[in-house]
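# Reading the structure
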Amino acid sequence: MIASSRGWLGLKSRLRFTSLIPLRHPQRRSLHLAPPFLLDDYVPRFQLLSEIEASKKRSAAYAHLRNCNLCPRLCGVNRYETTGMCLIGDNVKVNVIAPHFGEEPCLQGHNGSGSVFFSGCNLRCTFCQNHDIAHQRNGFDLTPEELAQWYLKLQDVGHVHNINLVTPEHVVPQVALSILHARDLGLKLPIVYNTSAFDSLASLELMDGLVDIYLPDFKVWNKAASQRLLKADDYASTAAESIKAMHEQVGDLCFTGDGIAKKGVLVRHLVMPGKEGEGEQIMKFLAEKVSRDIFVNIMEQYRPDAHVGKPKRRSKKEVNTQEGQEEVRYAEINRPVSRDEISTVRKAAEAVGLWRFCDPPRHDGFAI
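Scope of this entry: the structure provided in the associated data block. (Residues numbered from 1 in each chain as written. Predicted model: local features only at pLDDT ≥ 70, side-chain atom pairs only at ≥ 80, totals over all residues. Heavy atoms only, no water.)

## Digging into the pairing of strand β9 (residues 261–270)
Formally: Think of it in three bands: residues with accessible area under 20% of the maximum for their type are buried, residues over 50% are exposed, and the middle band is partly exposed, with areas taken using a 1.4 Å probe on protein chains only. Numbering of helices and strands runs from the N terminus, with a helix taken as a DSSP run of H or I at least four residues long and a strand as a DSSP run of E at least two residues long. Pairing between strands is defined by DSSP: at least two bridges between the two strands are required.
Across the 10 residues that make up β9, a large majority, nine, are buried. The pairing of strand β7 (residues 213–216) with β9 spans two bridges and is parallel. Looking across to β9, one finds that Ile213 is bridged to Gly264. Strand direction decides the pairing type here: strand β8 (residues 254–256) and β9, joined by two bridges, are antiparallel. Paired with Phe255 across the two strands is Ala261, which belongs to β9. The antiparallel pairing of β8 with β9 creates a hairpin that spans four residues between the two strands, and Gly259 there sits at a positive phi of about 85 degrees.

This is the structure in structure tokens:
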């Protein structure tokens, strides 16, 4: 009895001692994602529309086709009979439909983003990186119903993470009709609206409830750069209003636990040579007028393309007087962008309070 009580006292003392030692838990991997931007699950917005709301959007889309005034060009043409600035009629012209692995990691994931590259554009960017698609009308024609069937193929065969509509600004009515038809066919993927940001508020109103992720590319800030490089007088003011409207619809970019973006706005800015001042102004606008929590991709892959670097057209008199002095068009952007120019825009973004950037992850996962 004495021995057993002595043993009990010894056990008590050991338990008291071990309770003072902090327990070591297995090392937990940080998700690197603030809770407000993490979703448990997500249902695409178009699935939440009532039949009455869907019917109203269909009627509005057909009306806009008969009097095309959706993009800022306001051509006012009947697209069943003729075309406006974009040169596209009542059907869409598509260049490529395929799983795409050239997007941000949070969009492409492991299976790719289901990208639909529309031919045509309502801008005329002199440096267009997709010049062969946007300016040359290459591709095949599809009705909205046929386009919807391709969404289903991307979902059921390609197993992509989303439907990514690339340059849809000039075919918004057809896109709206295709999404509504795909909804009836069983589409369950989020819709990405991949745009130059040259959208009207009327077109964004039509897409409200249909789009989950807005992916605008805010190109330039100053009017002179807009006129010279984009051939649009009011690009910056239009893009600014459009991005504010996009953010009001879907908010800041949010993800599910697998690192795939499901809802919100992701703003791109392609840094161009000598135009870092434009980027600084754009970053300031995003932080002060939209949200300091907005997700930003400061892109560095600019290369001289389209009309940049082509020989200037000269009269016979100029050819005779300037023989051997070949000048090129848009010489000021006829070079790759430098590291210093990219760094300048990034530092400007951080200085105004932006903090969510599309950087390579510092862990084994996606940059979320």
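## Considering the packing of helix α5 (residues 144–156) against helix α6 (residues 172–185)
The condition is simple: The axes are straight lines fitted to the C-alpha atoms, using for helices just the contacting stretch, and the angles between their N-to-C directions are given from 0 to 180°. Should an angle lie under 35 degrees it is considered roughly parallel, over 145 roughly antiparallel, and from 65 to 115 roughly perpendicular; all remaining angles are considered oblique. Left-handed describes a crossing in which the near helix is turned anticlockwise from the far one by less than a right angle; the clockwise case is right-handed. Any two residues having at least one pair of non-hydrogen atoms within 4.5 Å are treated as being in contact. Amino acid classes used here: Ala, Val, Leu, Ile, Met, Phe, Trp, Tyr, Cys and Pro are nonpolar; Asp, Glu, Lys and Arg are charged; the rest, including Gly, are polar.
The N-to-C vectors of α5 and α6 enclose an angle of 55 degrees; their axes lie 8 Å apart at closest approach. On the basis of the axis angle, α5 is oblique to α6. Here α5 runs over α6; the crossing is right-handed. Across the interface between the two elements, Pro144, Glu145, Leu147, Ala148, Gln149, Tyr151 and Leu152 of α5 pack against Gln174, Leu177, Ser178, Ile179, His181, Ala182 and Leu185 of α6. Residues of the contact of α5 with α6, tallied by class, amount to nine nonpolar, four polar and one charged.

## Notes on the side chain of Ser178
Tracing the backbone through its elements, the reader meets Ser178 in helix α6. Each residue touching Ser178, except ones within four places of it in the same chain, is listed here: Pro144, Leu147, Ala148 and Tyr151.

## Some words on the nonpolar core
Threshold: For this analysis, a nonpolar core means a set of buried residues of the types Ala, Val, Leu, Ile, Met, Phe, Trp, Tyr and Cys, connected via side-chain atoms within 4.5 Å.
Of all hydrophobic cores here, the largest spans 85 residues; its most connected members are Tyr151, Met207, Tyr235 and Leu286. Ignoring any residue separated from it by four or fewer positions in sequence, one finds Met207 in contact with Val172, Val175, Ala176, Ile179, Tyr193, Tyr214 and Gln249. By size, the runner-up hydrophobic cluster in this structure holds 11 residues, among which are Val192, Ile213, Phe295 and Cys358.

## Details of helix α12 (residues 339–351)
The condition that has to hold: Multiplying 1.5 Å by the helix residue count minus one yields the expected span of that helix. By definition, the arc is the one covered by directions from the helix axis to the C-beta atoms.
Compared with the 18 Å implied by 1.5 Å per residue over 13 residues, the 18 Å span of α12 between its first and last C-alpha is a close match. Within α12, the full set of buried residues consists of Glu341, Ile342, Val345, Ala348 and Ala349. Each buried residue of α12 lies within a common arc of 125 degrees when the element is viewed along its axis, so the set occupies one face. Seen from the open side of α12, the exposed residues pointing more than 90 degrees away from its buried face are Arg339, Asp340, Lys347 and Ala351. Packed against the buried residues of α12 are β9, α10 (276–290), β10 (295–299) and β11 (356–357). Looking at the residues trailing α12, positive phi occurs at Gly353, about 105 degrees.

## So, α6
The first and last C-alpha atoms of α6 sit 20 Å apart over 14 residues, in line with the 20 Å expected at 1.5 Å per residue. The element α6 is largely enclosed, with a buried count of 11 among its 14 residues. For α6, the complete set of buried residues consists of Val172, Pro173, Gln174, Val175, Ala176, Leu177, Ser178, Ile179, Leu180, Ala182 and Arg183. Positive backbone phi, approximately 115 degrees, marks Gly186, located one or two places after α6.

## Notes on the side chain of Gln249
Rule in force here: Any pair of N or O atoms that falls within 3.5 Å is considered a polar contact. Within protein, one atom must be able to donate a hydrogen and the other to accept it, and sequence-neighbouring residues count only if both atoms are side-chain atoms.
Locating Gln249 in the fold gives a position in helix α9 (residues 235–250). At 2.9 Å, the side chain of Gln249 and the backbone oxygen of Leu204 are in polar contact. Apart from the residues within four sequence positions on either side, Gln249 is in contact with Arg45, Leu204, Glu205, Met207, Asp208 and Tyr214.

What is shown is where atoms sit, not what they do.
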